[in-house]
Amino acid sequence: MTIPGETVDSHCVVELRKVGKTYGSEPAVHALVDVDLALKSGEWISITGPSGAGKSTLLNVLGCLDRATSGTYLLDGIDTAELSDGQRAGLRSQRIGFVFQSFHLLPYRTVLENVMLGEVYRKQTARHREARARAAIERVGLGHRIGFLPSKLSGGEQQRVAIARALVGSPSILLCDEPTGNLDSRTSANLLDLFKKLNDEGLTLIVVTHDENVANRASRRVHIIDGKLTDITATDAKLLPAPSPPPKTSGAKVARSGISIRDLLNESLAGMFARPGRTMLTVMGVVIGLTALVATLGLSRTAGNRIVSQFDQVAATELFVTARPGAAGIVAPNAIPWDAPERLRRLNGVVAVGNMSEVDARDALVSASPVVDPSRQTAFKISVYAASPGLFRAVRANLAAGRVPDAGHSERADRVAVLGPDAARRLGINGLQQLPAIHIGDQLYLVIGVLRDVARKPELLSSVIIPEGTARQDFKLGGPGTVVIETKVGAAYLIASQTRAALRPDAPRTLKIEVPQEPRRLRDEVQSDVNIMFLLLGALSLIVGAIGIANITLVSVMERTGEIGLRRAIGATRRHIAEQFLLESGTMGVIGGILGASLGVMIVIAVSAYEVWTPVLDPWAPFLAPVIGGGIGLLAGAYPAMRAAYLEPVEAFRK
Ligand code: ADP
Ligand code: MG
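Presented here is an overview of the structure given in this document. (Residues numbered from 1 in each chain as written. Chains lettered and ligands numbered in written order. Predicted model: local features only at pLDDT ≥ 70, side-chain atom pairs only at ≥ 80, totals over all residues. Heavy atoms only, no water.)

## Examining helix 2 (residues 85-95)
Burial of helix 2 is extensive: ten of the eleven residues sit out of reach of the surface. Within helix 2, the full set of buried residues consists of Gly86, Gln87, Arg88, Ala89, Gly90, Leu91, Arg92, Ser93, Gln94 and Arg95. (Buried < 20%, exposed > 50% of the residue type's maximum accessible area, 1.4 Å probe, protein only. Helix = DSSP H or I, 4+ residues; strand = E, 2+ residues; numbered from the N terminus.)

Here it is as structure tokens:
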């Protein structure tokens, strides 16, 4: 086949002038020595020679897979020495077809897909690719095998697929390295008939062979020994034509090879799903790691949320203000002003506030009046507290019976009392129907209420509580002992910072304020011990997963050297190869991340359902997991991808 718009007959497709190729330096191997060769469009040339003579080297130079160390190589009049690697890859994909002794078909792709592969590194040819591939398959006589996998084909048929793949991009020359080497003689003969047909259609053929029968079918034969080329055709054809025109095309006009994102993704996915079982096992490490991470983070959030909500009920909303002992260690009785509740109630965020002071009853015993059961002990040592009216709300007191004293009781210094449930039991007071009263020392107090419980200050449960005003009068109470404040959720710290200024702007240091432990810190403390273990476990399995991906990718690079060589031959640059392997390992990581995130979330939900908790998830965790997985995949794939990219196609084919 020829490039449209170019004349067929006079045009030299290939022109080698004094081309040399030397490997290494000591000792230098001269694989090609001053090779001159000119090939007209439509010629069929065979190259023979003993092993090690330089045939493959010549073919690699002709195929732009390898650069000559000296001389000039013009392909379609283009000086290949001037070209960049991308442009040389472009030449391979657009003007050169390769056929190898071992067909290098991708085993997990159908005939059609294998042939379509011939054009993936020609970005601009995505349209009608399938139609062209079908036409190429018809051309080699395999129309009835289009959907077959290579393993279902005979050797001759496989080689025809390889030829169709080389032809699909309409190359200027077809380079064949021992194309019949793996075929029996009858199949070889058939293949030679195909070559004849293609050559008759105008295709330029270069065939390296050991087989005399194959060599003789060519229109021209050259022989190579120790890198030196001789024409042995009994014609007057000259190796080098008379002065040829200077190179007409500069490198700038050669399109670089390229692959569309879609094709690259396709190739990577196909590479992974070629061995789905192995891919899944490889992904497992990442799955386990990210499952552990997502589940640990989710469960700790869930458990933490539970701790916080219980804790919030009381502790996060309470403040206690007391007087700090002075220099002599004595607490000034009037450190806290009597009107502390009135002052603090004005602060935004205060729910309830009240004074609570232990009354120094001077060893006065408490007894019920009238005595309920004279046979038992009747007088007890029971502590007495004075409460301002707001205290009962501030400690979240619940009443079992009766009522709590109001501001009027306190102002009038009424002799009334409220009993804690334990105190009531000791005094034998069960209800208020009989208007019970108690003596504190000599004074008689009417019991107007009995508590059931309190949420804070549990000492009240076993005490007698009298109004603050009454305590000031009867017991000479010097000042409030403690101010109990209940705040709105989240307001405790703000109010704590304002309390000193509100109560003692003159001497703020005399007050001591107990704030709740910061809930987040408490939660973190609870969680950190458990978490650190699981996070370590997760990180460890991520590392194991990364090593797994790196290992499998490396193994698969080694296994797929043939494929890599083939891809290079059909136009891939090193970068394209690296990108494909990176994409494969990255995709494995992303899949691992998605699976890990889903499993982790499921674990959190399952455990929450079992424990009857509300599941709490960091919203970013499930979304970040695939990103982390992808990153790990890319990282793990970096080295194998580099190895793949730097694999010489020549080496790849030598295997
Ligand atoms: P053929 O294909 O005719 O059997 P080759 O072209 O493969 O021979 O090799 C020609 C010569 O170049 C041989 O002597 C071979 O050992 C040498 N050679 C080929 N490739 C390399 C290389 N990468 N490094 C060093 N020597 C090489
Ligand atoms: Mg060889």
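## So, the packing of helix 18 (residues 574-611) against helix 19 (residues 620-645)
For the pair helix 18 and helix 19, the least separation of the axes is 6 Å and the interaxial angle reads 150 degrees. The angle between helix 18 and helix 19 falls in the class roughly antiparallel. Here helix 18 and helix 19 pass one another in a crossing that is right-handed. (Axes fitted to C-alpha atoms, helices over the stretch in contact; angles between N-to-C directions. Parallel < 35°, antiparallel > 145°, perpendicular 65-115°, else oblique. Left-handed = near helix turned anticlockwise from the far one by under 90°.)

## A few points about the sheet that holds strand 7 (residues 173-177)
Reading across from one edge, 6-7-8-3-9-10 is the order of the six strands in this open sheet, with mixed pairing throughout. Edge positions in the open sheet fall to strand 6 (96-99) and strand 10 (228-231), since each of these has one partner strand only. With strand direction ignored, the average angle separating the axes of adjacent strands in the sheet is 20 degrees. Bridge count between strand 3 (residues 44-48) and strand 8 (residues 204-208): four bridges; the pairing is parallel. Looking across to strand 8, one finds that Ile47 is bridged to Val208. Sheet strands touched by helix 6 (residues 185-200): strand 3, strand 7 and strand 8. Its angle to strand 3, the strand with the most contacts, is close to 135 degrees. (Pairing = 2+ DSSP bridges. Contact = heavy atoms within 4.5 Å.)

## Some words on the environment of Ile591
Along the chain, the position of Ile591 falls in helix 18. A residue is classified by how much of its surface remains accessible, and Ile591, at 25% relative accessible area, is partly exposed. Along the chain, Ile591 and Val627 lie 36 residues apart, while their C-alpha atoms are 9.9 Å from each other. Setting aside chain neighbours within four positions, we find Ile591 in contact with Met272 and Val283.

## A few points about the pattern of salt bridges
Following the criterion strictly, the structure yields 34 salt bridges and no others. A salt bridge links Arg122 to Glu119, with the nearest nitrogen and oxygen atoms 3.8 Å apart. In terms of burial, Arg122 and Glu119 fall into one category: buried. Across the pair Glu563 and Arg567 runs a salt bridge whose closest N-O atoms are separated by 2.8 Å. (Salt bridge = Lys/Arg side-chain N within 4 Å of Asp/Glu carboxyl O.)

## Side note on the packing of aromatic side chains
Per the counting criterion, the structure on display carries two aromatic pairs. With centroids separated by 5.7 Å and ring planes inclined at 5 degrees, the aromatic side chains of Phe98 and Phe100 adopt a geometry described as stacked. Looking at Phe100, the relative accessible area reads 6%, which means it is buried. Note that Lys457 overlies the ring of Phe320, its terminal NZ or CZ placed 4.3 Å from the centroid. Seen from the ring of Trp338, Arg472 lies directly overhead, with NZ or CZ sitting 4.0 Å from the centre. (Phe/Tyr/Trp six-rings, centres within 6.5 Å; stacked < 30°, edge-to-face > 60°. Lys NZ or Arg CZ within 6 Å of the ring centre and 35° of its normal.)

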